[in-house]
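# Examining the three-dimensional arrangement
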Amino acid sequence: MDPAQFFAASRVVIVAGKGGVGKTTVSGAVARAAALRGRSTLIVQVEGKSGLANLFGQPPFDYDEVTLAPGGGADGSADVTARTLTPDDALIEYLQAHGMSRVSRRLASSGAVDMVATAAPGIKDILILGKVKQLEQLGAADLIVLDAPAAGHAISFLRSARGLLDAVRVGPINAQARDVLELLTDPSRCQVVLVTLPEETPVNELVQTAYSLEDEVGVSLGPVVVNGMYPQIDGLDEDPVAAAAAAGAALRTGEAEALAHAAAFRSHRMALQAEQVGRLAEMLPLPQLTLPYLFDADLGPAELEVLAQELLVGIGGLAPTPGDGDR
Amino acid sequence: MSPKQTPVGARTKPGKPLGAGASRTELQRLVRDQEVIVCTGSGGVGKTTTAAVIALEGARLGRKACVVTIDPAKRLADALGLETLSNAPTRIDGPWKGELWALMLDTKTTFDELVIGNAESEEQAQGILDNRFYRNISGALSGTQEYMAMEKLYELHQRTDFDLVVVDTPPTRSALDFLEAPRRLTRFLDHRLYRVLMTPTRGIVRAVNVAAQAFLRTISKVVGGDVVSDAIGFFSAFDGMEQGFRDRAAATLELLSDDVTAFVLVAAPRRDVVDEATYFAARLTEAGIPVRALIVNRMHPRFAKGDAGATRERANTFAGTALGGLYRNLADFQQVASNEEQHLAGLAERVAPAPVVRVPFLQSDVHDLEGLGLIAAHLFPR
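Summary of the structure given here. (Residues numbered from 1 in each chain as written. Chains lettered and ligands numbered in written order. Predicted model: local features only at pLDDT ≥ 70, side-chain atom pairs only at ≥ 80, totals over all residues.)

Grouped together as the largest cluster of nonpolar side chains are 184 residues, with contacts concentrated most on Val15 and Val30 of chain A together with Ala55, Val166, Leu265 and Leu294 of chain B. Core analysis: the second largest hydrophobic core is formed by 20 residues, Ala244 of chain A together with Ala304, Phe318 and Leu330 of chain B among them. (Core = buried A, V, L, I, M, F, W, Y, C linked by C-beta atoms within 7 Å. Buried ≥ 20, exposed ≤ 12 C-beta atoms within 10 Å, placed from the backbone.)

Here it is, written out as structure tokens:
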């Protein structure tokens with residue numbers, strides 16, 4: 001599948017997954033990959049963590065939009081921008097835009113957002129999603145990547161719209177919930193990319209999340225991203241002593257054992273990873289994209305570039321119509 | 001025993017970090033001596049499994065131990081004999097001196113029981129349980145799970161004969177919410193809206209003063225009148241019970257900061273996780289609660305001493321041969337191991353003199369008692 005076509009399939013991509021699977025990294029990589037194919041991309045974060053800014057080598061950011069990776073270079077890439085949304089800001093902005101400035105000031109000054117949020121759970125989530133919907137409709141960027149809250153929260157986060165429609169039957173929140181649900185359930189506007197590690201528990205949870213999201217929210221699921229696959233290395237099966245002899249090299253004391261143990265460890269992990277990827281494919285008929293585990297160093301702009309390129313290669317290898325794979 | 005009242009950051013003599021053996025002994029001592037152990041840390045670092053291993057070790061040491069888990073992975077739950085959410089601990093039989101019990105927290109039922117226990121009458125309790133606003137709070141309000149976990153912990157500690165209660169904290173969106181959790185409802189009750197609703201007479205809308213009515217109209221405009229009337233109904237029904245809830249919240253917080261409770265920070269050696277763990281440690285210190293042990297799961301093995309750079313160079317020298325591949329692989333793991341140690345250094349220093357116990361990357365996921373035993377062999381002296 002042509003990556004450009006892939007990134008044009010829906011304007012909103014929600015990246016979700018259990019804590020620790022690299023959701024934020026994947027959000028960054030998806031954004032950068034889209035930008036490399038000329039689509040301006042806005043990353044929306046809901047938790048003020050420093051990971052995303054670090055990934056792009058930028059200082060931490062807040063509610064105001066910042067540029068993480070400027071486009072316009074010789075490679076024809078577009079901008080990657082980002083902002084952090086908070087429910088309070090989103091509520092105030094929403095009320096102001098709907099002729100309720102006085103109300104918004106009152107709510108803000110009385111600290112009633114928390115109270116209201118308790119009265120109607122999910123309201124904070126709907127405020128964030130409502131803001132994302134607004135950004136989508138304003139065309140804030142060609143692509144909006146939403147780095148969703150972790151794990152179990154992702155389901156309640158995305159389910160908030162349906163829940164609120166029952167709890168709040170009139171008023172602006174109801175209207176907002178309706179709009180958000182429309183966005184979430186329209187595959188031409190929004191898709192969810194689930195992220196996992198090639199390990200048993202995260203794979204199980206991803207499968208569970210996938211079915212919950214389809215059944216309870218009705219979102220369209222894009223390819224799943226399996227993050228942290230050990231890259232293949234040639235020679236792991238060779239005996240170090242024989243390999244050294246073949247290369248005409250002398251091994252130092254203890255080196256043969258170290259090389260053999262390290263090779264055995266990697267081979268074993270890779271076999272386990274392959275097994276989990278296979279299991280995931282069996283349990284969940286969605287196309288898979290894989291991203292490598294990066295041994296080198298902490299994730300920064302150079303590693304981001306590697307991951308973005310890997311994604312582009314992976315997307316290029318997908319069948320033209322995502323979602324119909326029966327692997 | 002280390003003086004618990006001294007905040008970690010204020011210790012004047014950080015001392016030398018404990019060695020691996022001494023750290024394991026120290027962690028085991030906590031399991032032997034403490035009445036409550038709270039496992040905390042960010043999501044995906046193995047908190048639930050660690051909590052189960054700690055409780056198992058307690059049983060091994062002859063204690064009557066109970067682990068309270070929140071949303072465990074299914075296979076671990078199965079291993080612990082936990083088929084459904086339940087508020088009554090289930091006993092797990094095994095070859096240990098003491099007893100091992102486990103409980104998978106049922107947030108809603110715990111909350112219901114708390115309401116019933118505090119209500120002045122059955123009617124009052126029912127009035128609350130039937131209220132839609134209450135159902136929202138007890139079922140879906142973020143923070144309720146944390147609150148109920150702490151409530152359950154308190155109840156198990158006070159009202160049962162467990163010598164050791166181990167609790168695994170929920171993967172909260174905002175770090176240490178659970179410390180705030182018991183205060184959450186009482187803070188709610190102290191909120192202006194509640195006071196407005198309850199004065200001058202008891203929560204009858206028409207009796208509410210003008211300012212309060214304007215306030216309510218404001219909120220009604222946003223969320224609709226139903227929500228507001230549900231809330232009013234809830235607060236009216238709740239009237240008279242606040243004190244009980246306040247006392248309970250205060251007592252729970254007291255238990256959490258008491259010497260009998262030890263907080264164990266669980267982490268993985270990745271930079272983002274360590275950053276968050278460092279933040280947790282700072283927040284705990286602020287709350288006057290020291291980190292009593294740091295457990296780092298999923299450490300990559302170190303196959304060779306020394307720097308990855310030299311190995312990487314050899315890999316380049318022999319690029320294209322099998323030996324080159326073998327060197328490249330070794331360099332990868334040397335690199336990871338030194339990155340991990342580097343990430344951990346600051347955190348270990350911050351929690352010093354708390355023991356730091358490292359658990360290597362295991363070959364497969366743990367989902368049975370045997371697997372828990374394998375981890376225990378890394379956590380405790382054997």
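Residue and element names in this part refer to chain B. Here the residue pair Ala352 and Pro353 is connected by a cis peptide bond, since its omega of 5° sits within 30 degrees of zero. Inspection of the secondary structure assignment puts Pro353 in the loop between helix H15 (322-351) and strand S8 (356-360). Positioned with a positive phi, Arg298 is a non-glycine residue whose angle comes to about 60°. Inspection of the secondary structure assignment puts Arg298 in strand S7 (residues 291-299). (Helix = DSSP H or I, 4+ residues; strand = E, 2+ residues; numbered from the N terminus.)

Residue and element names in this part refer to chain A. With 14 residues, helix H2 (residues 23-36) extends 20 Å from end C-alpha to end C-alpha; this agrees with the ideal 20 Å at 1.5 Å per step. Among the 14 residues of H2, 14 are classified as buried, and the element is accordingly described as predominantly covered. The positive-phi residue at the C-terminal boundary of H2 is Gly38, with phi of around 85°. (Expected span 1.5 Å × (residues − 1).)

As a further point, take the environment of Ala154 of chain A. Residue and element names in this part refer to chain A. As for its position among the elements, Ala154 is in helix H8 (residues 152-167). Given 23 C-beta atoms within 10 Å, Ala154 falls into the buried group. Taking the C-alpha atoms as reference points, Ala154 and Gly139, separated by 15 residues in sequence, lie 24 Å from one another. Setting aside its immediate chain neighbours within four residues, Ala154 contacts Ala16, Ala148, Pro149 and Thr209. (Contact = placed C-beta atoms within 7 Å.)

All names here are of chain B. Relative to the helices and strands, Val260 is located in the loop between helix H12 (242-256) and strand S6 (261-267). Of the residues examined, Val260 has 13 C-beta atoms within 10 Å and is grouped as partly exposed. Val260 sits 227 residues away from Asp33 along the chain, and the two C-alpha atoms are 8.1 Å apart. Discounting chain neighbours no more than four positions away, the residues touching Val260 are Gln34, Glu35 and Val36.

Residue and element names in this part refer to chain B. Most of strand S1 (residues 36-40) is tucked away: five of the five residues are buried. Across four bridges, the pairing between S1 and strand S5 (residues 164-168) is parallel. Residue Val36 lies in a different strand from S5, and its bridge partner there is Val165. Pairing of S1 with S6, which is carried by five bridges, proceeds in the parallel orientation. Among the inter-strand pairings, Cys39 is bridged to a residue of S6, identified as Val264. (Pairing = 2+ DSSP bridges.)

All names here are of chain A. For strand S6 (residues 190-196), a buried count of seven out of seven residues is recorded, marking the element as mostly surrounded by other parts of the structure. Neither face of S6 is open: one carries Cys190, Val192, Leu194 and Thr196, the other Gln191, Val193 and Val195, and all of them are buried. Alignment of S6 against strand S7 (residues 224-229), held across two bridges, turns out to be parallel. In the sheet register, Val195 faces S7, and the bridge partner there is Val225.

Either a parallel or an antiparallel arrangement is found when strands of a sheet pair, and the pairing is made through backbone hydrogen bonds. All names here are of chain B. Spatially, the eight strands line up as an open sheet ordered S3-S4-S2-S5-S1-S6-S7-S8, and their pairing is mixed. The sheet terminates laterally at strand S3 (90-92) and S8, the two strands that pair on one side only. Direction aside, the axes of adjacent strands within the sheet are offset by 25° on average. Across three bridges, the pairing between S3 and strand S4 (residues 99-104) is antiparallel. The partner of Thr90 across the bridge, within S4, is Ala102. In the packing of helix H13 (residues 271-286) onto the sheet, the strands contacted are S1, S6 and S7, and the crossing angle to S6 comes to about 160°. (Axes fitted to C-alpha atoms, helices over the stretch in contact; angles between N-to-C directions.)

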